[in-house]
Amino acid sequence: MSSVQLSGAGVAAVAFTNKSLTSPPASLRVCSSRRLGRSLVVKAATVVAPKYTSLKPLGDRVLVKLGASEEKTAGGILLPSTAQTKPQGGEVVAVGAGRTIGDKKIEVGIQTGAEVVYSKYAGTEVEFNDSKHLILKEDDIIGILETDDAKDMKPLNDRVLIKVAEAEETTPGGLILTETAKEKPSIGTVVAVGPGPLDDEGKRQPLSVPAGSTVLYSKYAGSEFKGADGTGYIVLRASDVMAVLS
């Protein structure tokens, strides 16, 4: 499971390209990587020569401009370039023409200028016009941030936004649990749902999990977030929701 923490001044950490916001926190990460052998991971961006002034994504791909990496820790310690983390969100600056399903043309549903959050290991990193960008498929975008708080995230496609239940503070026998001993919850309340996946005819299929449902979900799925008030949220695919509790 990929995990990011959006804290500080709300979840301004994700919508970091907004002029009123600063750079994202060190916990926002994304990389395009190749694994060599068993332990060596090489991270590299494709550099586009200055002679090229336009980069147009094809098909259902989108181009996202990334924010600057954190150069200091929360305590003010300077980070070496090898330790600096990368953001997992950014601003959509270009979109492809869409894709064809059957005989129907499906346009990309994300508009330029939107602040988005995407899957941790999705896409290909590109350096273009002296800025870092990411080219990725529309389906790799988790959701759209319309405010600076994770609770207001708009999930896309077949994804759902869940408010995570708080971990148990004590054992059934009454023993107080330490933070490290607390069992990670996999139960929560659905806050928002995406419009659903596309079928073979290019039509949206509504999700069967309605907002307000208390659900049990797969423990190792999705991407985790912290809201402005410290509340935990997770965005995952509807197929990772295993049961509805009542």
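The structure under discussion appears in the preceding block.
Residues numbered from 1 in each chain as written. Predicted model: local features only at pLDDT ≥ 70, side-chain atom pairs only at ≥ 80, totals over all residues. Heavy atoms only, no water.

J.: When you look at the overall build of the protein chain in this model, what are you seeing that I'm missing?
T.: When helices and strands are tallied, the protein chain shows 0 helices and 19 strands. Here the protein chain, with 246 residues, has 39% of them falling under the buried criterion. Relative to all contacts within the protein chain whose residues are 6 or more apart in sequence, the contacts with residues 24 or more apart total 64%. Carbon and sulfur atoms provide 51% of the accessible area of the protein chain, an area that totals close to 13,800 Å². (Helix = DSSP H or I, 4+ residues; strand = E, 2+ residues; numbered from the N terminus. Buried < 20%, exposed > 50% of the residue type's maximum accessible area, 1.4 Å probe, protein only. Contact = heavy atoms within 4.5 Å. Areas by Shrake-Rupley, 256 points an atom, 1.4 Å probe, with all protein chains shown as cover.)

J.: Would you explain the environment of Lys-151 in this entry?
T.: Following the sequence through the fold, Lys-151 ends up in the loop between β12 (141-144) and β13 (154-155). A residue is classified by how much of its surface remains accessible, and Lys-151, at 40% relative accessible area, is partly exposed. Residues in contact with Lys-151, not counting those within four places in the same chain, are Leu-161, Val-191 and Tyr-233. There is a polar contact of 3.3 Å between the side chain of Lys-151 and the side chain of Asp-152. (Polar contact = N/O pair within 3.5 Å; in protein donor to acceptor, adjacent residues only side chain to side chain.)

J.: Explain the side chain of Asp-149 here, please?
T.: For Asp-149, the position within the fold is in the loop between β12 and β13. For Asp-149, the side chain forms a polar contact with the main-chain nitrogen of Ala-228, separated by 3.1 Å.

J.: Explain the pairing of strand β16 (residues 214-217) here, please?
T.: The two faces of a sheet get side chains in turn, since along a regular strand they alternate between them. The side-chain alternation of β16 yields one buried face, formed by Val-215 and Tyr-217, and one unburied face, formed by Thr-214 and Leu-216. Relative to β16, strand β15 (residues 187-193) is paired through 3 bridges, and the arrangement is antiparallel. Paired with Ile-187 across the bridge in β16 is Leu-216. Pairing of β16 with strand β19 (residues 241-245) involves 4 bridges; the strand directions are antiparallel. Of the residues in β19, the one forming a bridge with Val-215 is Val-244. (Pairing = 2+ DSSP bridges.)

J.: Explanation requested: the environment of Tyr-52 in the structure shown.
T.: Tracing the chain through its elements places Tyr-52 in the loop between β4 (46-47) and β5 (61-66). Taking the C-alpha atoms as reference, Tyr-52 lies 8.7 Å from Asn-129; in sequence the two are 77 residues apart.

J.: Where do I start with the pattern of salt bridges in this structure?
T.: Oppositely charged side chains may form a pair once their charged atoms are brought near each other. Evaluated as defined, the whole model comprises 8 salt bridges. With a closest N to O distance of 3.8 Å, Asp-60 and Arg-99 form a salt bridge. With Asp-60 in the loop between β4 and β5 and Arg-99 in strand β7 (residues 99-101), this residue pair connects regions lying 39 residues apart in the sequence. The buried category is assigned to Asp-60, whose relative accessible area is 12%. (Salt bridge = Lys/Arg side-chain N within 4 Å of Asp/Glu carboxyl O.)

J.: Teacher, can you tell me more about unusual backbone geometry here?
T.: Only a minority of non-glycine residues have a phi that is not negative, and only a minority of peptide bonds are not trans. Phi is positive for Asn-129, close to 55 degrees, though the residue is something other than glycine. As for its placement among the helices and strands, Asn-129 is situated in the loop between β10 (124-128) and β11 (131-137). In the Ramachandran plot, Asp-130 falls in the positive-phi region, its phi being about 65 degrees despite a non-glycine side chain. Accessibility expressed as a relative area gives 85% for Asp-130, which makes it exposed.

J.: Just checking my understanding: could you explain the sheet that holds strand β9 (residues 115-118) for this structure?
T.: Hydrogen bonds along the backbone pair up the strands of a sheet, which may run parallel or antiparallel. Spatially, β4-β10-β11-β5-β6-β9-β12-β13 is the arrangement adopted by the 8 strands of the open sheet, whose pairing is mixed. On the outer flanks of this sheet lie β4 and β13, each paired with one strand and no other. The pairing of β5 with β11 spans 5 bridges and is antiparallel. Opposite Lys-65, over in β11, you have His-133 as the bridge partner.

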